[in-house]
Amino acid sequence: MAVRVLNVAEKPSVAREVSRILSHGQSTSRPGRSRYNPVHEFRYTINGTPCDMYVTSVAGHLMEIQFDEAYRSWNAHPPRALFQAPIHKQVPKDKKQIEGTLQREARNCQWLVLWLDCDREGENICFEVMETCCRANPRLSVFRARFSALIAEDIHRAINRLGAPNKLDADAVDVRQELDLRIGSAFTRFQTMFLEKKFEWPQTNKKLILSYGPCQFPTLGFIVERAWEIKSHVPEEFWSIQVQYTHPNSTNGPVTFTWKRGRLFDHTVALRLYEMCLEQPEARVISVEGRNTQRAPPVPLSTIELCKRASRWLRLGSAQVMQLAEELYQEGYISYPRTETDQFEDGYDLQKMIREQMNHPEWGEYCNRLLNNSLFKWPTPGRNNDQAHPPIHPTKPLGQNLNWSRQKASVYELVTRHFLACCSKPALGIETKVAITISEEHFQVRGLMVKERNYLDVYRYENWGGARALPVFEEGASFMPDSIMLVDGRTQPPPPLSESDLLAKMEEHGIGTDATMAQHIQKQLERGYAVKTESSQSLMPTELGEALVTAYNEMGMEGLWRPTIRSIMEQEVRAVAMGNKAKGIVLASQVDQFENLFSAFLQHRGVFEEVISQFFVRKSTAPGNPRR
């Protein structure tokens, strides 16, 4: 007799693709209680056991964490009470139909197979689904399917190597969710109620919410700090000597030699040295050095690197990149796009993946070279391996007549070109450095001759620094320069923080995870705390964003907007996931720390209001203070 197996995926598209693969396209479908989450049926054999398979889905998290009803109204209790208020996890009203489908199907099944995304968030959803289904049928045997790509090889392997869901990962998400709820709600409610009726705020169509989040504000802090650096920059004049010479055998025009001193900020000294060069302008070559050099291909692609590179080269925001990558994953074109891993483990058939791309009109010829001309090289490993997913890579070639947007196609192209590049040998060249003296002042120029482009042929986003080959100079030779110039300039402030740079800072300081960083950046834009230029993907704070961070800083509450405390919190969450710390202990210590910070915040609320008044006009009549 066949075993009845309920399979639950994280999204309807994943349920549909898993069913298509396992049934070889022969599944049938019937409606679920939610019209967006049907049930697919087919027969399958799992490790010799005949099974009747029923595949449905949730839509992300099935449950949400909430305060008890008495604490949901902003005016019912003072914000400080939220640090200790009762909370519970429950299915919200808009997910009740999905819950109904799961419980209806679970009552008639013997096994539950969880096909949720294989990351911490997915593990947490596993336990939400388990709780819901086991409430309807406590006798269910529960299994976890682990996969990295919606391709036949991965899906068939996953169903025949079922394991158990990871409670530690689920606990880590519970910790983060509860801390974010308590901390964010307490600070958001207080500062919104404290300030909303005291100042004239920017006109928007939305009710003013001065939100705070323990990841949101350190992210905003990076943006504001860069703006402060730009504002505080005082330009300084400097001078430098530049030498140009056209070699008789040159085919690339004049060669520009740079001053070994770099630049001087004393005009008198720079002018005297320049005059000395003019008095004895003949240049003498004192050294010619040549060496073999190489430019390494990129390491395999992680989530954060995908976002950084797509922002820099495709001019796409990280939130949009993740949305497009998720679509590509659900359609089976790339592997799971949320991964910290940047190294391929032994056993991956990379050459098979390359062969699948050989018919592509743009990079197919390169794939042929990669496999047939000794160009292939096992990718250099990065430093990270989350032990859950491989690096992001293409899982099938492009089909015909795909109605994709330009942005979606560009993300697939970046993933594919990156994969091919990381499987390639480095570019090889010869670097030359020529040093000269003029009146005892030293100058030099560097040149590069690229001998073998290798990975650069497919990775069109990179070049080799723009260097060019130099004509042949002989040590001891002399020549008369075309020109010797004293050039002036002014120091420039740092540029506005690009989204790529912001992601790098968040990664460095442990703000958010590979799956959430894009969301934290998007939140700055949605809350009106920052704006982004489409052309350069640079971020600048709005007046509101700068006002809030300035106020926190003047109050002495740097811990609430600098990354240190949130970074420690992320370390504590990781400790829970590793089994090194108990969920309850981490929650208690972190809640206690932020409750103390909240008390200090209340003591300095007068400073908070005063700093905000430096940015926004007070209303003529202002109400009293909110409850604490």
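- Going by the annotation in an unreviewed UniProt entry, the name recorded for the protein is DNA topoisomerase, with Picocystis salinarum given as the source organism.
- The Catalytic activity (unreviewed entry) comment attached to the protein in UniProt states, word for word, "ATP-independent breakage of single-stranded DNA, followed by passage and rejoining."

1. Digging into the environment of Lys11
Right, so step 1: The residue Lys11 is located in the loop between β1 (3–9) and α1 (12–23) in this model.
Right, so step 2: Look at Lys11 and you get buried, because its relative accessible area is 18%.
Right, so step 3: Separated by 425 residues in the primary sequence, Lys11 and Ile436 have C-alpha atoms spaced 66 Å apart.
Right, so step 4: Non-local contacts of Lys11, meaning those with residues more than four positions away in its chain, are made with Ser57, Val58, Asp117, Glu326 and Gln330.

2. A closer look at helix α3 (residues 120–136)
Right, so step 1: Taking 1.5 Å per residue as the helical rise, α3 with its 17 residues ought to reach 24 Å, and the 25 Å between its terminal C-alpha atoms agrees with that figure.
Right, so step 2: Burial in α3 covers these residues: Gly122, Glu123, Asn124, Ile125, Cys126, Glu128, Val129, Met130, Thr132 and Cys133.
Right, so step 3: The inward-facing, buried residues of α3 contact β1, β6 (87–90), α2 (96–107), β7 (111–115), β8 (141–144) and α5 (167–195).

3. Here we look at the sheet that holds strand β18 (residues 538–541)
Right, so step 1: Strands sit in the order β16-β18-β17 across an open sheet of three strands; the sheet is antiparallel. With partners counted over all chains shown, the strands left at the sheet margins are β16 (497–498) and β17 (530–532), one partner each.
Right, so step 2: Sheet topology places β17 next to β18; three bridges connect them, and they run antiparallel. What sits directly across from Val531, in β18, is Met540.

4. A word on the nonpolar core
Right, so step 1: Grouped together as the largest cluster of nonpolar side chains are 81 residues, with contacts concentrated most on Leu22, Met53, Trp115, Phe147, Phe419 and Leu420.
Right, so step 2: Per-element tally for this core: the top contributor is helix α12 (residues 406–422), with eight residues.
Right, so step 3: Those residues within four positions of Leu420 in sequence are excluded, and the remaining contacts are Ile354, Trp363, Tyr366, Cys367, Leu370 and Val458.
Right, so step 4: Listed in part, the 50 residues of the second largest apolar core include Phe67, Ala186, Leu220 and Met555.

5. Observations concerning the packing of helix α6 (residues 216–232) against helix α13 (residues 499–509)
Right, so step 1: Put simply, α6 and α13 touch, their axes get as near as 10 Å, and they point 125° apart. With respect to α13, the axis of α6 lies oblique. Taken as a pair, α6 and α13 cross one another with a handedness that is right-handed. Contacts between α6 and α13 involve Thr219, Phe222, Ile223 and Arg226 from the first element and Leu502, Lys505, Met506 and His509 from the second.
Right, so step 2: Residues that form the contact of α6 with α13 fall into these classes: four nonpolar, two polar and two charged.

Procedures and definitions
- Residues numbered from 1 in each chain as written.
- Predicted model: local features only at pLDDT ≥ 70, side-chain atom pairs only at ≥ 80, totals over all residues.
- Heavy atoms only, no water.
- UniProt positions renumbered as here; feature names shortened; annotations may be inferred.
- Helix = DSSP H or I, 4+ residues; strand = E, 2+ residues; numbered from the N terminus.
- Buried < 20%, exposed > 50% of the residue type's maximum accessible area, 1.4 Å probe, protein only.
- Contact = heavy atoms within 4.5 Å.
- Expected span 1.5 Å × (residues − 1).
- Pairing = 2+ DSSP bridges.
- Core = buried A, V, L, I, M, F, W, Y, C linked by side-chain atoms within 4.5 Å.
- Axes fitted to C-alpha atoms, helices over the stretch in contact; angles between N-to-C directions.
- Parallel < 35°, antiparallel > 145°, perpendicular 65-115°, else oblique.
- Left-handed = near helix turned anticlockwise from the far one by under 90°.
- Nonpolar A, V, L, I, M, F, W, Y, C, P; charged D, E, K, R; others polar.

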